[in-house]
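Descriptive structure summary
Next come the chains, spelled out residue by residue.
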Amino acid sequence: MTDSSAFGGPFTRDELDTSVPFIARRCLAGDPGLALWERVLADLLAKEPPRTRQRKAIDLERLKVALSAVLANLIAARRNTVSVEAFVSMSFDRKTYAGTDMPLGAVEDVRDHLLAQGLVEGEKGYQKRERIGGYDWPVHARRTRLRATPRLLAQVVDAGIDLEAPTWKPTSGLGWRKTEDIVRLKEPYEGAGAEPGDVRASRQVLLAVNRMIQAVRLELPRDSWDRIRARLHDQGSDEAMDRMSSGDAGRLALYRSFKGDWNSGGRLYGGWWQTVPKRERPHLTIDGAPTIELDYARMQPSLLYAERGLTLDHDPYLPPGFLVPRSVRSESGSSTDS
């Protein structure tokens, strides 16, 4: 375990809040990614502190996986379209990596080496606890923040990784280790049951959609990103985080997320374009071609009426006593139709 003195700083709260989540599936890819991985791995093994026992083959493989993932996330954060100063927000809780091929010990070894060699900077995470009702309760926590230093970025460039390259180009150096489960049930209730047939069937549709997305170039012009960045100063932290996610052009896979049971949620998440502000979405292009956004008025209420054999012929968002249409009442400018 490393101590706090190994971390750089001090950093302001705004700097630390400018962060993107660590995604374990990221990895280095292509010849440039492999060149960087081999160089840093050799340096890690040569300079690590003496060990009480030699690593087993399986432990070495886990170290390699962790190194690839951490480096890939650091590069992805540097290539974020919203802010190249973004930190990677990382958990060092053992439960986070339980049952994976990247255990906590391997991630800690990578972190410690990168810090010791001046390849990353950041701030160590913490959890504040208070004694309430005879029990210790967490009252505030912050995950560890890490980002690449100029020294690491120089090695990235030397390996042939283009920090400005779009995700689909081999010189981006980035890839994905494996396909993450595209249907997720978070915090399942007792008795939630097995995945229903209609949800299971949606997997194949979603896989086909993801293949189509990843086979094209989905882009937003630079001036759109300039406007997004300019508006961040006037938005809250949640809004800022959404925009940071939209700046990660490597997020190309959609997934469905349910919570509690199979009747709650099920919406699609994961695509960077989903958090692009409404006013900028018309500027999205696919393989350079312009796009349009189809908007279905009163879609969900209309579906409910159709299930009963009825036709919805009025505005369900304009109840008695409210004479101003919902689209006018909305201050956010977001869609009012679904």
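Since the structure is predicted, the reported quantities are computational estimates derived from the model, not experimental observations. (Residues numbered from 1 in each chain as written. Predicted model: local features only at pLDDT ≥ 70, side-chain atom pairs only at ≥ 80, totals over all residues. Heavy atoms only, no water.)

1. With respect to the pairing of strand 3 (residues 87-90)
Both faces of strand 3 are covered, namely the face carrying Phe87 and Ser89 and the face carrying Val88 and Met90. As defined by bridge partners, strand 1 (residues 19-21) adjoins strand 3 across three bridges and the pair is classed as parallel. Within strand 3, the residue paired with Ser19 across the bridge is Phe87. Direction of pairing for strand 3 relative to strand 7 (residues 144-148): antiparallel, over a ladder of three bridges. Residue pairing for strand 7: Val88 is matched across the bridge by Leu146. (Buried < 20%, exposed > 50% of the residue type's maximum accessible area, 1.4 Å probe, protein only. Helix = DSSP H or I, 4+ residues; strand = E, 2+ residues; numbered from the N terminus. Pairing = 2+ DSSP bridges.)

2. Some points on a nonpolar patch on the surface
On the surface, Ile292, Leu294, Tyr296, Met299 and Leu303 cluster together into a nonpolar patch covering about 580 Å² of accessible area. Following the sequence through the fold, Ile292 ends up in the loop between strand 14 (289-290) and helix 10 (299-307). (Patch = residues over 30% accessible without salt bridge, like charges linked within 9 Å, V, L, I, M, F, W, Y side chains within 5 Å. Areas by Shrake-Rupley, 256 points an atom, 1.4 Å probe, with all protein chains shown as cover. Salt bridge = Lys/Arg side-chain N within 4 Å of Asp/Glu carboxyl O.)

3. A word on the sheet that holds strand 11 (residues 255-259)
Taken together, three strands build an open sheet; the order of strands is 9-11-12 and the sheet is mixed. One side of each edge strand has no neighbouring strand; the edge strands of this open sheet are strand 9 (183-186) and strand 12 (265-269). Pairs of neighbouring strands in the sheet enclose a mean axial angle of 25 degrees, with direction left out of account. Inspection of the sheet shows strand 9 paired to strand 11 by four bridges, in the parallel sense. The residue of strand 11 that forms the bridge with Lys186 is Lys259. The strands that helix 7 (residues 197-214) touches are strand 9, strand 11 and strand 12; relative to strand 11, the one it contacts most, it runs at about 155 degrees. (Axes fitted to C-alpha atoms, helices over the stretch in contact; angles between N-to-C directions. Contact = heavy atoms within 4.5 Å.)

4. Examining the side chain of Arg55
You can see Arg55 is positioned in the loop between helix 2 (30-47) and helix 3 (57-78). A polar contact is formed between the side chain of Arg55 and the side chain of Glu48, at a distance of 2.8 Å. Polar contacts involving the side chain of Arg55 include one to the side chain of Asp109, which spans 3.1 Å. (Polar contact = N/O pair within 3.5 Å; in protein donor to acceptor, adjacent residues only side chain to side chain.)

5. Some points on helix 2
Along its 18 residues, helix 2 runs 26 Å from first to last C-alpha, staying within 8% of the 26 Å computed at 1.5 Å per residue. Where helix 2 is concerned, the buried positions are Pro32, Gly33, Leu36, Trp37, Val40, Leu41 and Leu44. For helix 2, the buried positions fall inside an angular range of 155 degrees around the axis, keeping them on one side. Counted as exposed and oriented over 90 degrees from the buried face of helix 2: Asp31 and Ala46. (Expected span 1.5 Å × (residues − 1). Arc of directions from axis to C-beta.)

6. Looking at the environment of Arg147
Secondary-structure assignment places Arg147 in strand 7. Given the relative accessible area of 10%, Arg147 is considered buried. Between the C-alpha atom of Arg147 and that of Ala77, which follows or precedes it by 70 residues, the distance is 7.6 Å. Contact partners of Arg147, with chain neighbours within four places excluded, come to Phe11, Glu15, Leu74, Glu85, Ala86, Phe87, Leu119, Val120 and Glu121. Of the polar contacts made by the side chain of Arg147, one reaches the backbone oxygen of Glu85; its length is 2.9 Å. Of the polar contacts made by the side chain of Arg147, one reaches the side chain of Glu121; its length is 2.8 Å.

7. A look at the sheet that holds strand 4 (residues 120-123)
The strand order across the open sheet formed by four strands is 1-3-7-4, and the pairing between neighbours is mixed. Lying at the two open borders of the sheet, with one neighbouring strand each, are strand 1 and strand 4. Within the sheet, the average angular offset between the axes of one strand and its neighbour, ignoring direction, is 35 degrees. Contacts from helix 3 reach strand 1, strand 3, strand 4 and strand 7, with the element oriented near 140 degrees to strand 3.

8. Here we look at the pattern of salt bridges
On inspection of all chains with the given rule, the structure shows 21 salt bridges. One salt bridge connects Arg53 with Asp59, and the closest N-O pair in it is separated by 3.9 Å. For Arg147, the salt bridge goes to Glu85, with nearest N and O atoms at 3.5 Å. Within this pair, whereas Arg147 is found in strand 7, its partner Glu85 is found in the loop between helix 3 and strand 3, the two being separated by 62 residues in sequence. Judged by its relative accessible area of 45%, Glu85 is partly exposed. Within the structure, one salt-bridge network assembled from shared partners comprises Asp223, Arg227, Arg231 and Glu280.

9. A look at the pairing of strand 4
What you see with strand 4 is a clean split: Val120 and Gly122 sit on the buried side and Glu121 and Glu123 on the side with no burial. As paired strands, strand 4 and strand 7 are joined by four bridges and run antiparallel to one another. Bridging from a neighbouring strand, Glu121 pairs with Arg147 of strand 7.

10. Describing the packing of aromatic side chains
Counted under the stated rule, the structure contains five aromatic pairs. A ring pair is formed by Trp225 and Trp272, whose centres lie 5.9 Å apart and whose planes are at 40 degrees; its orientation type is tilted. Highlighted residues: Trp225 in helix 8 (residues 222-232) and Trp272 in the loop between strand 12 and strand 13 (285-286), separated in sequence by 47 residues. Judged on exposure class, the residue Trp225 and its partner Trp272 are both buried. Pairing Phe258 with Trp262 gives two aromatic rings, centres 5.2 Å apart and planes at 65 degrees, and the pair type is edge-to-face. A relative accessible area of 3% places Phe258 in the buried class. Here a set of aromatic residues connected by ring pairs shows up, and it is made of Trp225, Trp272 and Trp273. Here the guanidinium or amino end of Arg111 rests over the ring plane of Phe92, the centre of that ring lying 4.5 Å away. A cation over a ring is seen here: Arg184 above Tyr255, with NZ or CZ 3.5 Å from the ring centre. (Phe/Tyr/Trp six-rings, centres within 6.5 Å; stacked < 30°, edge-to-face > 60°. Lys NZ or Arg CZ within 6 Å of the ring centre and 35° of its normal.)

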